[in-house]
Amino acid sequence: MTDLLPLDGMRVIELSSFVAAPLGGMTLAQLGADVIRVDQIGGGPDIDRWPLAPSGRSLYWAGLNKGKRSVAVDLRSPEGRELVAGLVADGGVVLTNAPPRKGLSYEELKAARPDLIHVRLQGTRAGGNAVDYTVNAAAGFPSLTGPAGLAAPVNHALPAWDVACGLYMAVGLLAAERHRSRTGEGRRVQVALQDVALATAGNLGYLAEAQLGEPRARLGNHLFGDFGRDFATADGRVMVAVLTARHWHDLVEATGLGEVVEALERALGADLRRAGDRYAHREALGGVLASWFACRTCEQVADGLERTSVLWSRYRDFAEVAAGLRDEPLMAPLDQPGVGPHLAPGSPVRLGETSPPPVPAPTLGEHTDEVLRDVLALPAERVEALRASGAIMGS
């Protein structure tokens, strides 16, 4: 048995802000990589992004930078950029969505480290600016989100393309590192938000569906292609999803509506064991089942469906989710500087039966001296001179 994590020994220099690139770096850090986040003195554009702790510290920034080391330098100065270039030359791996700066372009960094792995997030493949909100609007998904019959687009709260891009960046970096370990060659890896959204829409069949027939219409909370929808209960609301004939059989049996469903099949000329028929007659099926849920509490619904294969869950808001975190094995106590003690997630990647616990995010520039001393082997007097000139900042 070893205590080493899979990426122990890998060093990644991260120049990033917002969601995708920081999430990619944190994913690697949680698996053992030494991720050194480099920020402009005073912080990047996301340093104070909401939500905020009562102290004013960004919970967003702290949440996406757990387990990293932080170096704060003046990226506008030649001395600051030279320090970053030295860190890259030492580690040989960069993850970034920062604008290119003189001395820190891919070509310049590669000249100093020929086997460089350089992973960059773009807005569009052509290099144009884009963010999750604009990419999502262009990808078509807001036309499907929201209640049926609504004309206006509806955005969703989850920055799905940022999250997907962050994970694609981590996967691309690991693929490039494997290539380098086998061949000695570096790789330039580029991931565009727009490409990830387009690829996902294509991979899930949305785009082919529109090309070969009619684009999909809004369905509200109905499940496309099978039976699934929300139901009101006596004390809340639940989501129920049927994806197989067994799910449907168990739902009908648990609700005691077998005879009613058989009569409905005869009246409709349908075989409700088939997904297509369940979807076609979703409104009629919902009407039959609604009364069973309406006269029961969520606890009684749980009792009725507990020993079945039916897929269901009670709707909760974030306050309810937060109230139950102590029962979640993913969560563990974390005393985050500037935020205070709270429960935070570790890595969702379980290695064997456990997953790495959460490690606090650094304070801005917390590891500047440590990294310059240990990684670049700068003497103390040189570090002090850099500080005096304003090229670096400690915590």
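If you're wondering where the values come from, they're calculated on a predicted model, not measured in any experiment. (Residues numbered from 1 in each chain as written. Predicted model: local features only at pLDDT ≥ 70, side-chain atom pairs only at ≥ 80, totals over all residues. Heavy atoms only, no water.)

(A) Looking closely at the domain arrangement of the chain. You can read the domains of the chain as domain 1 (11-202 + 326-389) and domain 2 (227-315). Computed over C-alpha atoms only, the centres of domain 1 and domain 2 are separated by 43 Å. (Domains from an automatic or database assignment.)

(B) Fine view of the nonpolar core. Among the nonpolar cores identified, the biggest contains 30 residues, and Val12, Leu28 and Leu173 are the most heavily contacted of them. Every element with two or more residues in this core is listed here: α1 (20-30), β4 (93-96), β5 (117-122), α6 (160-183), β6 (187-192) and α7 (193-203). Looking at this core element by element, the count peaks at 7 residues for α6. Apart from residues lying up to four places away in sequence, leucine 173 is in contact with Met10, Val12, Leu28, Val93, Leu95, Ile117 and Val119. Core analysis: the next-biggest nonpolar cluster, separate from the first, contains 24 residues, Val38, Val84, Leu116 and Leu378 among them. (Core = buried A, V, L, I, M, F, W, Y, C linked by side-chain atoms within 4.5 Å. Buried < 20%, exposed > 50% of the residue type's maximum accessible area, 1.4 Å probe, protein only. Helix = DSSP H or I, 4+ residues; strand = E, 2+ residues; numbered from the N terminus. Contact = heavy atoms within 4.5 Å.)

(C) The arrangement of the side chain of asparagine 65 in detail. For asparagine 65, the location among the structural elements is in the loop between α2 (59-64) and β3 (69-73). With residues near it in sequence (within four places) discarded, asparagine 65 still touches Glu14, Pro22, Met26, Arg37, Ala361 and Pro362.

(D) Here's a closer look at the packing of aromatic side chains. As enumerated under the stated definition, the model contains 7 aromatic pairs in all. Look at phenylalanine 231 and phenylalanine 293: their rings are 4.5 Å apart centre to centre, the planes differ by 10°, and that puts the pair in the stacked class. Of this pair, phenylalanine 231 sits in strand β7 (residues 228-232) while phenylalanine 293 is found in helix α12 (residues 282-294), placing the two residues 62 residues apart along the sequence. Overall, phenylalanine 231 belongs to the buried group, its relative accessible area being 1%. On the numbers, 4.9 Å between centres and 85° between planes, the contact of tryptophan 292 with phenylalanine 293 is edge-to-face. In this pair, the class of tryptophan 292 matches that of phenylalanine 293, namely buried. Ring pairing ties together the aromatic residues Phe227, Phe231, Trp248, Trp292 and Phe293, which thus form one cluster. Above the plane of the ring of tyrosine 279 lies arginine 282, whose end atom (NZ or CZ) is 4.3 Å from the centre. (Phe/Tyr/Trp six-rings, centres within 6.5 Å; stacked < 30°, edge-to-face > 60°. Lys NZ or Arg CZ within 6 Å of the ring centre and 35° of its normal.)

(E) Spatial organisation of the packing of α1 against α6. The geometry of α1 relative to α6 is characterised by a closest axis approach of 7 Å and an angle of 50° between their N-to-C directions. Between α1 and α6, the interaxial angle falls into the category oblique. When the axes of α1 and α6 are compared, the crossing they make is right-handed. Residues Ala20, Ala21, Leu23, Gly24, Thr27 and Leu28 of α1 lie in contact with α6, whose contacting residues are Asp162, Val163, Cys165, Gly166, Leu167, Met169, Ala170, Leu173 and Leu174. Looking at the contact of α1 with α6 residue by residue, the class counts come to 11 nonpolar, 3 polar and 1 charged. (Axes fitted to C-alpha atoms, helices over the stretch in contact; angles between N-to-C directions. Parallel < 35°, antiparallel > 145°, perpendicular 65-115°, else oblique. Left-handed = near helix turned anticlockwise from the far one by under 90°. Nonpolar A, V, L, I, M, F, W, Y, C, P; charged D, E, K, R; others polar.)

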